[in-house]
Amino acid sequence: MQAVAEALRTARHVVVFTGAGVSAESGIPTFRDALTGLWQRFDPAELATPEAFRRDPALVWGWYEWRRARVLAAQPNPAHRAIVELAGLVPRLTLVTQNVDDLHERAGSGGAIHLHGSLHAPRCFACARPITGLAADLREPQEGRRIDPPRCAHCGGPVRPGVVWFGEELPTQALEQAFDAAQSCDLLLSVGTSGVVYPAAQIPRLALQAGARVVHVNMQPVEVGGAREMSLVGAAGELLAALVERVKAADGASHSHPS
Ligand code: OAD
């Protein structure tokens with residue numbers, strides 16, 4: 001912890017790269033955790049591909065509305081808040097997330113790069129126009145409930161969730177910005193991600209190759225490859241909050257002893 005806090009204190013550009021684990025303490029399920037992970041209970045081929053939507057739009061839309069309802073009912077947790085605080089303590093911080101929730105934004109992070117889209121930005125499946133005015137009050141959706149997607153006011157096509165599905169390209173600009181940030185930072189914190197979904201999973205490796213330090217914050221130990229890579233094991237909320245406290249304490253100490 002002390003070494004990471006020191007690296008944070010001296011870094012000029014920090015990238016925080018987050019996955020589902022950062023929202024786990026808000027009660028949002030991850031994808032691959034044993035027992036609770038969404039992909040342990042649901043088949044991505046039936047729910048998270050364009051073919052699945054074409055085959056059964058009501059099943060897919062209902063599932064994403066259920067997920068959106070959970071996010072709307074959730075609150076940001078100490079991990080999201082620690083990232084906001086960290087941004088105020090370092091010269092530059094770029095937040096890159098694979099998450100489709102808006103908990104970083106609701107905690108106060110501006111300008112997060114969303115690599116996998118958003119549950120809150122649906123668009124037409126046929127003409128791709130963005131759709132506004134989705135109900136923000138979602139008491140109804142329950143797990144497994146089918147819901148017919150709304151229709152696009154312009155072309156009548158079915159509305160799809162604004163997330164990246166398996167087999168789809170990531171948004172080009174977001175991916176470029178994330179790769180650039182990874183290659184120009186001096187420290188990358190990879191928080192709560194299993195690092196198995198490409199191309200996002202390349203991001204920590206790009207930072208390492210460009211000479212940055214990479215710190216994994218995860219409930220599970222992450223295998224590290226060399227002296228510039230570290231693994232902190234524990235809950236993101238606790239570890240990030242503790243890191244921020246250490247950075248603040250060290251900053252305070254250095255200000256009270258000017259050289
Ligand atoms: P995963 O579910 O694959 O991984 C979550 C990671 O978070 C695991 O390594 C856990 O050990 C860790 N974790 C769980 N709770 C934690 C906590 N409280 N604190 C710290 N770590 C914790 O989720 P992602 O890596 O985000 O893709 O998955 C990547 C992509 O796969 C997702 O963006 C999604 C999914 O298919 C799309 O939607 C396109």
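My aim in this report is to walk through the structure given alongside it, one point at a time.

Cut-offs applied
Along each chain, numbering runs from 1 in the same order as the chain's sequence is written. Only residues with pLDDT of 70 or above have their local features reported here, since the model is predicted, and side-chain atom pairs are shown and tallied only from 80 upward, although totals for entire chains, interfaces and linings are computed over all residues. No hydrogens and no water enter the side-chain calculation; it runs on all heavy atoms of the structure. Strand pairing follows a simple DSSP-based rule, namely that at least 2 bridges must link the two strands. Helix and strand definitions follow DSSP, with helices as H or I runs of at least four residues and strands as E runs of at least two, each counted in order from the N terminus. A contact between two residues is defined here by any heavy atoms of the two lying within 4.5 Å. Structural elements are reduced to axes, namely lines fitted to C-alpha atoms, with helices fitted over the stretch in contact, and the angle between N-to-C directions of any two is expressed from 0 to 180 degrees. Residues adjacent in sequence count toward polar contacts only when both atoms are side-chain atoms; beyond that, a polar contact is any pair of N or O atoms within 3.5 Å, and within protein one must be able to donate a hydrogen and the other to accept it. The definitions used throughout rest on a 1 Å grid laid over the protein atoms alone, on which a cavity is an enclosed set of points accommodating a 1.4 Å probe that cannot get out and a pocket is an open set flanked by protein within 12 Å on both sides along at least five of seven lines; lining residues are those having an atom within 4 Å of a point. Grid points are joined across faces, edges and corners, and a volume is the space filled by probe spheres set on the points. Residue classes follow a fixed rule: Ala, Val, Leu, Ile, Met, Phe, Trp, Tyr, Cys and Pro count as nonpolar, while Asp, Glu, Lys and Arg count as charged, and any other residue, Gly among them, counts as polar. Domain borders in the structure are assigned automatically or taken from a domain database. Per-residue accessibility, obtained with a 1.4 Å probe over protein chains only, is compared with the maximum for each type, and a residue is labelled buried under 20%, exposed over 50%, and partly exposed between these values. Here a crossing is called left-handed whenever its near helix is offset anticlockwise from the far helix by less than a right angle, and right-handed whenever the offset is clockwise.

For the rest of this paragraph, the subject is the sheet that holds strand E8 (residues 229-233). Spatially, E3-E2-E1-E6-E7-E8 is the arrangement adopted by the 6 strands of the open sheet, whose pairing is parallel. Looking at which strands have only one partner, the edges of the open sheet turn out to be strand E3 (113-114) and E8. Two elements, strand E2 (residues 92-97) and E3, share 2 bridges in a ladder whose sense is parallel. Across the sheet, threonine 97 pairs through a bridge with histidine 114, a residue of E3. Sitting on the sheet, helix H10 (residues 202-209) touches strand E1 (13-18), E2, strand E6 (187-191), strand E7 (213-218) and E8, and the angle it makes with E6 is about 160°.

Looking at the element boundaries, histidine 114 is found in strand E3. A distance of 2.7 Å separates the side chain of histidine 114 from the side chain of glutamate 105, its partner in a polar contact. If near-sequence neighbours (up to four positions away) are discounted, histidine 114 is found in contact with Thr97, Asn99, Asp101, Glu105, Pro171 and Ala174.

Attention now moves to empty space enclosed by the protein. Summed over the entire model, instances satisfying the criterion amount to 2 cavities of 30 Å³ or more. Empty space within the largest cavity amounts to approximately 150 Å³. Among the elements that make up the lining of the largest cavity, the one with the highest residue count is helix H6 (residues 57-73) (4 residues). Grouping the constituent residues of the lining of the largest cavity by class yields 9 nonpolar, 2 polar and 3 charged. Three or more residues apiece are contributed to the lining of the largest cavity by two domains, here domain 1 (1-26 + 76-116 + 170-259) and domain 2 (29-73 + 121-163). One number sums up the size of the second largest cavity: a volume of about 40 Å³. Taken together, Trp61, Tyr64, Glu65, Arg68, Leu119, Pro122, Leu134 and Pro161 form the lining of the second largest cavity.

Turning our eyes to something else, we now look at unusual backbone geometry. Geometrically, the link from tyrosine 198 to proline 199 is a cis peptide bond, its omega value of 10° lying close to zero. Its place among the elements puts proline 199 in the loop between E6 and H10. Its identity is not glycine, yet leucine 35 carries a phi of approximately 75°, on the positive side. Relative to the elements of secondary structure, leucine 35 occurs in the loop between helix H2 (21-24) and helix H3 (38-41).

Our focus in this paragraph is the environment of glycine 133. With respect to the helices and strands, glycine 133 occurs in the loop between strand E4 (117-124) and strand E5 (159-163). What makes glycine 133 exposed here is its relative accessible area of 78%. Here the alpha-carbon distance between glycine 133 and valine 215, two residues 82 residues apart in the chain, equals 40 Å.

Pairing of E1 with E2 involves 6 bridges; the strand directions are parallel. For valine 15, the partnering residue across the bridge sits in E2 and is threonine 94.

Think of a ball as big as a water molecule: rolled over the atoms, this probe shows where empty space is left. Its volume calculated, the second largest pocket comes out at about 170 Å³. Taken together, His114, Gly117, Ser118, Ala121, Arg123, Gly162, Val163, Val164, Glu168, Glu169, Leu170 and Pro171 form the lining of the second largest pocket. Secondary-structure elements contributing two or more residues to the lining of the second largest pocket are E4 and E5. Looking at the lining of the second largest pocket, the element that brings in the most residues is E4, giving 4 residues. In terms of residue class, the lining of the second largest pocket is built from 5 nonpolar, 4 polar and 3 charged.

Glancing now at the packing of helix H9 (residues 172-184) against H10. In the contact formed by H9 and H10, the axes pass within 7 Å of each other and the chain directions differ by 35°. Of the two elements, H9 crosses H10, and the hand of that crossing is right-handed. Two secondary-structure elements touch here, H9 through Ala178, Phe179, Ala182 and Gln183 and H10 through Gln202, Ile203, Leu206 and Ala207. The residue inventory of the contact of H9 with H10, partitioned by class, reads 6 nonpolar, 2 polar and no charged.

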